[in-house]
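# Structure assessment
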Amino acid sequence: MTKEEMDKHAVSKLLEIADRWYSQIKRAEIPYISLPTRTKHNIEYDEGTEVWKYGEKETTRTASTAKSALHLLKMAYVVGFLKDQIGENRSSTLREMYYISEGWKRAKFGAQDESNFLVEDLEIITELSREAFHLRPEEDGASIFGPVKIREQTRRGDKDIHCVEDVGEAGYSIPNNVERLTFLENDAKFVIAMETGGMYARLMENGFSEEYDAVLLHLKGQPARSTRRMLKRLNNELGLPVVVFTDGDPWSYRIFASIAYGSIKAAHMSDILVTPGAQFVGVQPSDISTYNLPSDHLTEGDIAALKAELTDPRFDTEYWRNQINLQIKLGLKSEQQAFASRGLDFVTKEYLPARLSEMGII
Amino acid sequence: MELAEQLAGQQKSISVAEFFEKNKHLLGFDSPTRGIITTIKEAVDNSLDACEEAEVLPDIFVGVKKVDKDVYRIIVEDNGPGIVPKQVPFVFGKLLYGSRFHQIKQSRGQQGIGISAAVLYAQLTTGVPAVVISRTSHKNKAHRFEIMIRTEANEPEVLKDEEIEWDRMHGTRIEIEFKTTLAAKKRLLDYLMYTSVVNPHARIKADIDGEVYNFERVNEETIVPPKAILPHPHGLELGQLKRIAAASDSNLKDFLINSFSRVGDKNADEIIGGSGLKESRKAKTLTNEELKKLLESMQNVEVPPPPASQCLSPIGENMIIRGIDKEFQLDFVRARTRKSKVFSGHPFIVEAAIGYGGKLESEGTATILRFANRVPLLYQQGACAITNSISGINWKAYNISQQGLPTGPVLILVHVASTNVPFTSESKDAVASIPEIEKEIVLALQDLGRDLKMFLGRRDRNKQFEERARAVCSILPDIAMKVSEIVEKPVPDISPLEGQIMKKVVAKKGVRDGFVEIMLSNYTNTAVSLTIYNMSPEDGKDASPKPDFVDNIGDEYNKLWKAVIEPDNMWSAKYKGTNGGTLDIRGVEEKKLVVIDLDN
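This section reports on the structure supplied with the text. (Residues numbered from 1 in each chain as written. Chains lettered and ligands numbered in written order. Predicted model: local features only at pLDDT ≥ 70, side-chain atom pairs only at ≥ 80, totals over all residues. Heavy atoms only, no water.)

## Focus on the overall build of chain A
Tallying secondary structure elements over chain A gives 13 helices and 17 strands in all. Counting every position in chain A, which comprises 362 residues, the buried fraction comes to 55%. Counting contacts in chain A only where the partners sit at least 6 residues apart, residues at least 24 apart contribute 72% of the total. Carbon and sulfur atoms form 47% of the exposed surface of chain A, whose accessible area is close to 16,300 Å². (Helix = DSSP H or I, 4+ residues; strand = E, 2+ residues; numbered from the N terminus. Buried < 20%, exposed > 50% of the residue type's maximum accessible area, 1.4 Å probe, protein only. Contact = heavy atoms within 4.5 Å. Areas by Shrake-Rupley, 256 points an atom, 1.4 Å probe, with all protein chains shown as cover.)

Encoded structure:
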């Protein structure tokens, strides 16, 4: 699809929403909108795509209470704003839109969370991503380092970049819109995504990428959409297996889940964001005792998060049940850099080779 | 002379009139301001009692005319049965003369002091005789008396007695002139209003120094006058027993059965058995000692309570509500008439009512209306068992704020009806603390408190609903505007949406595909019964459903349907046509109805 076609499609999708409300009002029906319920209880595993998506449960917002009416009014303003923005061929970030809403009188947002959430709702209704509405993400994409050559369409023309030879120590920065990338060539065998910058630098310094033909990827905490999309494309288009290496705590498992299973917030985008075959390397709770890793005690918040994961359908596998229950029993958590207690090379020379061969990656 | 003899020389008997002349406060004449109210109250009480006995609807006039700087002429006139001329001087000119003193039944006055005390008060302050006009029927002429009281003897002194023409067929008019002020005018008006509240069958007109007030009757039925009953054995005192026994010629058993209420064969035997006296004894031959024994035995034997339904005349829940409502136009009013109960052998009935909102002050202490035998109690509120019972209740439990007495736009009415209302004093201002009575008052008010709480709860919920609905309705136009702007179409009419949200009946009319359609939706909480008028050029012969009535008016036809629509249901009619004409809906309040023409 050309950019014009994509824009036209996006506008028609937005108009569909407004049209629906208009005819509801015309028919003397109180305007409403239906959306999948966005909770962990309404995500279902889709056999075909092997990702988790929203289930059948729907929430209907009818303008019959002040709260819902206000929500619909805000949505109407956002729809109007996006329609105009596409028409004028401009773009903005979520944060900018939040500030623009200051001028919308009673339809203005109370917090950015609210406008972010509303945009996600629109993505769900239109089955389009926010980029289609010319909404730019603001967070940086993560960095990659490894034997892959990429062509990036930039405002200054196409750039061909080899992610080892043409980049500095920080690696190649994944752009906000991954759709503008094409993979030219690669010698990689797999991708290892890491939660922390420290581990990313450690693997680079220890030559792990060269030794195992690995693409290193820095997630920067909970990965941005473009990062997840990048992982998905590396996996999908280059056929590279993806492994995820995080800290050994409940929040890190959610980072893994968002990559491998899909997130609850973005379950409507699972098809393009989720890498179904991604595997968890560690830190596994069992590693804490196996390697006698330095550890911290679980906080009450950690325990609650672990217990919530036990009721999360995405973690409903034997592996995760065992690991999570073990961690609750231990009462401990460890960071991925805790392996340094056994020497700076331990993680690249011993832990990862052992784990990866066990998992059949190398 | 010995001291005792000297003293004996000063000792002499005094008449009741002399006694009350000295002790005016005992009768409610302690101040000039009070005197005027007491006088009017006594006269109006007498009028109401008289009308009740004669079973006529009371039509009472109260006049207060300024005669001199601090002298007023009080006039009270009624359409009662009148008083036979030979008794008039005694009724108005002799204290303690009355027909009801020995009778056991509910009545306003009892001792026959009130009105003659007023006459006494008048002659004390101005020396002007009281004027009484009375006529007993259209066959007789009216008599006009000028009366004073000879205080030393407590006997009436008739200065003049003449036959006159009077436009009333029957009735009594009294005019008394005395030193007083109108400082308590507000209280006087309160008295008249309260009297009319508990006597909704009475019409009271008042002319207070040129200002006219009307208290209309709301009930056209006379009340059944209570009948006198015999004394009940349990409330009896020795002196009373002695008097009744002395007047009897019967033997003990017949005496008991015939002289007391609710004493039958079995009870009489039991009483006699318990007293150790012989059945054959004549009651009047009993000695003091024997009477004491008899009395004791009478108290010990269980006798059913006195027949309250005969001797008492409660106002009734419906009448109380109508009486209150006509004066206060409340948002909520409920009344309770309790079952009759007994204290010391005297039957009594407690009635109560609670009102909320309307014309009541929203701040400050609740309005408390106290009544005894249909007479408003105006003074000594603090000393009254009614007030005490009200403050003893935890009003906060019924969502009413309280500082001792409840506060806010609340009205509390309590009426104690009894053959013997236990007043704290002769001026009959306050009901004495009798546990049995207080208990009944509390129970009645608690019961009403629960009703009030429900009303307040529902009112708050309605208010909340309305606020929410208003909030939604304020946003809907913005939505409609923005959506129309996006789709670039004219802004649609949102009044049907507002109708739904505000829970109204929404009626729509429009032409579509060659058919005129009329659609009615009931978004209210109750079923509505509507009449639908549609005036248009089509005769609607093909309409479904068929109109209940079609009328040809000029070139047009007025079609009428009747429909009952349950809540959240709809009704529609359809006929071939191209012009919907006009639509008119009847049967639902205008503020609950939205009519929309879809073609305009």
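## Brief notes about the layout of surface pockets
All names here are of chain A. In this structure, the largest pocket occupies an estimated 1,400 Å³ of space. Forming the walls of the largest pocket are 44 residues, and the residues nearest its centre are Ser 129, Glu 131, Ala 132, Asn 177 and Glu 179. Broken down by element, the residue count for the lining of the largest pocket peaks at five residues, all from helix H1 (residues 3-26). Classifying every residue of the lining of the largest pocket gives 16 nonpolar, 12 polar and 16 charged. (1 Å grid on protein atoms, 1.4 Å probe; cavity = no way out; pocket = protein on both sides within 12 Å on 5 of 7 lines; lining within 4 Å. Points joined across faces, edges and corners; volume = space filled by probe spheres on them. Nonpolar A, V, L, I, M, F, W, Y, C, P; charged D, E, K, R; others polar.)

## With respect to the sheet that holds strand S18 (residues 515-522) of chain B
Residue and element names in this part refer to chain B. The sheet built from four strands is open, its strands ordered S22-S18-S17-S24 with mixed pairing. Of all the strands in the sheet, the pair left with one neighbour each is strand S22 (570-576) and strand S24 (593-597). Taken over all neighbouring pairs, the strand axes of this sheet differ in orientation by 10° on average, direction set aside. Strand direction decides the pairing type here: strand S17 (residues 505-512) and S18, joined by eight bridges, are antiparallel. Across the sheet, the residue bridging to Val 511 is Val 516, located in S18. (Pairing = 2+ DSSP bridges. Axes fitted to C-alpha atoms, helices over the stretch in contact; angles between N-to-C directions.)

## Topic: unusual backbone geometry
Of note, the amide linkage connecting Gly 282 of chain A to Val 283 of chain A takes the cis form, showing an omega dihedral of 5°. Mapping Val 283 of chain A onto the fold places it in the loop between strand S15 (279-282) and helix H10 (285-290). With phi around 45°, Asn 373 of chain B is a residue other than glycine that occupies positive phi space. Overall, Asn 373 of chain B belongs to the buried group, its relative accessible area being 6%.

## As for the packing of helix H2 (residues 66-87) of chain A against helix H14 (residues 435-487) of chain B
Running from N to C, H2 of chain A and H14 of chain B point in directions that differ by 20°, and their axes come no closer than 9 Å. The pairing of H2 of chain A with H14 of chain B is recorded here as roughly parallel in orientation. The crossing of H2 of chain A and H14 of chain B is left-handed. In this structure, H2 of chain A uses Ala 66, Ala 69, Leu 70, Leu 72, Leu 73, Ala 76, Tyr 77, Val 79, Gly 80 and Lys 83 of chain A to contact H14 of chain B, whose residues at the interface are Ala 471, Val 472, Ile 475, Asp 478, Ile 479, Lys 482, Val 483 and Ile 486 of chain B. Looking at the contact of H2 of chain A with H14 of chain B residue by residue, the class counts come to 14 nonpolar, one polar and three charged. (Parallel < 35°, antiparallel > 145°, perpendicular 65-115°, else oblique. Left-handed = near helix turned anticlockwise from the far one by under 90°.)

## Regarding a positive patch on the surface
Residue and element names in this part refer to chain A. Together, Arg 155, Arg 156, Lys 159 and Arg 180 make up a positively charged patch on the protein surface. Mapped onto the fold, Arg 180 is located in the loop between strand S10 (172-173) and strand S11 (181-186). Here Arg 180 falls in the partly exposed class, since its relative accessible area comes to 40%. (Patch = residues over 30% accessible without salt bridge, like charges linked within 9 Å, V, L, I, M, F, W, Y side chains within 5 Å. Salt bridge = Lys/Arg side-chain N within 4 Å of Asp/Glu carboxyl O. Lys, Arg positive; Asp, Glu negative; His and termini not counted. Charge placed at Lys NZ, Arg CZ, Asp CG, Glu CD.)

## Focus: the interface of chain A and chain B
A common way to state how big an interface is: give the accessible area lost once the parts meet. Counting residues at the interface gives 26 residues for chain A and 23 residues for chain B. In total, chain A and chain B occlude about 2,100 Å² of area from one another, counting both sides; carbon and sulfur atoms represent 74% of this. Linking chain A to chain B there are three salt bridges. A salt bridge links Lys 489 of chain B to Asp 19 of chain A; its shortest N-O distance comes to 3.6 Å. (Buried area = accessible area lost by both parts, 1.4 Å probe.)

## Some thoughts on empty space enclosed by the protein
All names here are of chain B. Here the structure, examined in full by the defined rule, presents six cavities of 30 Å³ or more. If you add up the space inside the largest cavity, you get close to 100 Å³. In terms of lining residues, the largest cavity is bounded by 12 residues, among which Ser 107, Arg 108, Ala 372, Phe 423 and Lys 428 are the most central. Each residue belonging to the lining of the largest cavity can be placed in one class, and the counts come to five nonpolar, three polar and four charged.

## A word on the pairing of strand S8 (residues 211-215) of chain B
Two faces, one strand: in a regular strand the side chains alternate between the faces of the sheet. All names here are of chain B. Bridging between strand S7 (residues 203-208) and S8 involves five bridges; their strand directions are antiparallel. For Ala 206, the partnering residue across the bridge sits in S8 and is Tyr 213. Hairpin remark: S7 followed by S8, antiparallel, with two residues in the connecting loop; positive phi at Asp 209, about 50°.

## Regarding the sheet that holds strand S2 (residues 71-78) of chain B
Strand pairing within a sheet occurs via backbone hydrogen bonds; the two strands may be parallel or antiparallel. Residues and elements named next belong to chain B. The sheet built from eight strands is open, its strands ordered S5-S4-S3-S6-S2-S1-S7-S8 with mixed pairing. Both outer strands of the open sheet, strand S5 (155-164) and S8, are each paired with one neighbouring strand and no more. Averaged over neighbouring strand pairs, the angle between their axes works out to 15° when direction is ignored. Bridge analysis of S2 against strand S6 (residues 171-179) gives eight bridges, and the strand direction is antiparallel.

## Focus: helix H5 (residues 114-125) of chain B
All names here are of chain B. With 12 residues, H5 should cover 16 Å at 1.5 Å per step; its first-to-last C-alpha distance of 17 Å lies within 8% of that length. Of all the 12 residues making up H5, 10 are buried; the element is thus mostly covered by neighbouring parts of the structure. Those residues of H5 lying buried are Gly 114, Ile 115, Ser 116, Ala 117, Ala 118, Val 119, Leu 120, Tyr 121, Ala 122 and Gln 123. Trailing H5 by a residue or two, Gly 127 shows a phi angle of about 75°, which is positive. (Expected span 1.5 Å × (residues − 1).)

## Here we look at the nonpolar core
Core analysis: the largest hydrophobic core is formed by 123 residues, its most contacted members being Ile 192, Phe 208, Leu 216, Phe 245 and Leu 352 of chain A. Each residue touching Ile 192 of chain A, except ones within four places of it in the same chain, is listed here: Leu 203, Phe 208, Ala 214, Val 215, Leu 216, Leu 217, Val 243, Phe 245 and Leu 352 of chain A. Judged by nonpolar contacts, the second largest core, of 64 residues, contains Ile 37, Leu 48, Ile 147 and Ala 335 of chain B. (Core = buried A, V, L, I, M, F, W, Y, C linked by side-chain atoms within 4.5 Å.)

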